[in-house]
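An overview of the molecular structure
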Amino acid sequence: MSYSHNIENIMVPVDDFPVIREDYVVAEAVKIMRQFFHQQDGTWFGFQAALVLDANEQLVGLLTLRRLLQAFKLRAIQDHLLTSYAEVFFMPGGSHQHMEITVKEIMRPIGAITVQKDDNIFKAVRQMVERKINLLPVLEGSELVGMVRTIDMFWIIGELLD
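Residue numbering note: each chain is counted from 1, following its sequence as written. Where local features are concerned, this predicted model is filtered to residues with pLDDT of at least 70; where side-chain atom pairs are given and counted, the filter is 80 or more; whole-chain, interface and lining totals use all residues. Each side-chain value is derived from all of the structure's non-hydrogen atoms; neither hydrogens nor water enter the calculation.

Time to look at the overall build of the protein. Summing up its helical and strand segments, the protein has six helices and 10 strands in all. Considering the protein as a whole, with its 162 residues, one finds that 36% of them fall into the buried category. Here, residues are in contact when the closest pair of their heavy atoms is within 4.5 Å. If you take every contact in the protein between residues at least 6 apart in sequence, the share linking residues at least 24 apart comes to 61%. Under the convention used here, a 1.4 Å probe and the Shrake-Rupley method define accessible areas, while residue burial counts only the protein chains that appear. Per element, the accessible surface of the protein, about 10,500 Å² overall, is 55% carbon and sulfur. Comment: elements are numbered from the N terminus, with helices defined as DSSP H or I runs of at least four residues and strands as E runs of at least two. With a 1.4 Å probe rolled over the protein chains alone, any residue whose accessible area is under 20% of its type maximum counts as buried; one over 50% counts as exposed, and the rest are partly exposed.

So, about the sheet that holds strand 10 (residues 143-149). Pairing is mixed across the open sheet formed by four strands, whose spatial order is 1-10-9-8. Each edge of the open sheet carries a strand with a single partner, namely strand 1 (12-13) and strand 8 (115-116). Pairing between two strands is assigned when DSSP locates at least 2 bridges connecting them. Alignment of strand 9 (residues 135-140) against strand 10, held across six bridges, turns out to be antiparallel. Its bridge partner lying in strand 10, Val138 is registered against Gly146. Whenever a helix is involved, its axis is fitted only over the stretch in contact; in every case the axis is a line through C-alpha atoms, and angles between N-to-C directions fall within 0 to 180 degrees. The sheet contacts of helix 5 (residues 121-131) involve strand 8, strand 9 and strand 10, and relative to strand 9 the element is tilted by about 140°.

What follows covers the sheet that holds strand 5 (residues 49-53). Strand order in the open sheet formed by four strands is 2-5-6-7, and the pairing between neighbours is mixed. At either end of the open sheet lies a strand with only one pairing partner, and these are strand 2 (19-21) and strand 7 (108-109). Here strand 6 (residues 59-64) runs beside strand 7; their pairing, made up of two bridges, is antiparallel. The partner of Gly61 across the bridge, within strand 7, is Pro109. Against the sheet, helix 1 (residues 26-34) touches strand 2, strand 5 and strand 6, its axis set at about 170° to strand 2.

Before going further, it helps to examine the layout of surface pockets. Within this model, the largest pocket holds a volume of roughly 530 Å³. Note on definitions: the grid is 1 Å and covers protein atoms alone; a cavity is a set of points where a 1.4 Å probe fits but cannot get out; a pocket is an open set with protein on both sides within 12 Å along at least five of seven lines; lining residues have an atom within 4 Å of a point. Taken together, 20 residues form the lining of the largest pocket, with Gln48, Ala49, Thr64, Asn134 and Leu135 sitting closest to its centre. Mapped onto the lining of the largest pocket, the elements with two or more residues apiece are strand 4 (43-45), helix 2 (65-82) and helix 6 (150-161). Here the lining of the largest pocket takes four residues from helix 2, the largest share from any one element. Taken together, the residues that form the lining of the largest pocket break down as nine nonpolar, six polar and five charged. Taken as a whole, the second largest pocket spans an internal volume of roughly 290 Å³. As for the second largest pocket, its lining consists of 14 residues, and the residues nearest its centre are Leu53, Glu57, Gln58, Leu59 and Leu144. Looking at side-chain class alone, the lining of the second largest pocket contains nine nonpolar, three polar and two charged residues. Grid points are joined across faces, edges and corners, and a volume is the space filled by probe spheres set on the points. When residue character is reported, Ala, Val, Leu, Ile, Met, Phe, Trp, Tyr, Cys and Pro are called nonpolar, Asp, Glu, Lys and Arg charged, and the others, Gly included, polar.

Right under this line is the structure:
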């Protein structure tokens with residue numbers, strides 16, 4: 001199998017990814033992301049991130065499974081810290097259970113970590129390694145057109161090394 005060295009040939013189109021809003025609470029985001037997972041022969045497949053849009057429908061970030069797990073860890077710490085005798089007096093009825101973490105609080109902002117769709121794949125590899133990220137937005141000019149995942153890079157680099 002032969003591949004061109006351009007990112008365009010390995011990116012996942014942006015329309016294939018789950019999309020969530022920055023003001024969603026984590027539970028809403030998880031519900032949407034779960035819709036993009038499926039099981040085949042006992043193995044789960046799906047995207048490990050969702051695109052995050054603001055109120056103006058502009059892409060502002062990515063919500064990754066890693067960030068979600070960190071949010072759950074944060075929630076567990078908050079729950080542990082708030083569970084004390086003082087809670088009985090100051091937070092009757094366990095009010096801390098109603099604290100909600102929004103997507104905006106835990107998403108990874110898009111910022112300048114992007115590549116262009118006609119860039120060489122090695123530019124994407126360099127960005128991903130230097131920034132320690134597993135998902136990289138692909139732009140055509142200023143428009144988001146796709147995402148490159150580390151698994152996509154893995155297969156292509158293997159082909160190039162053969």
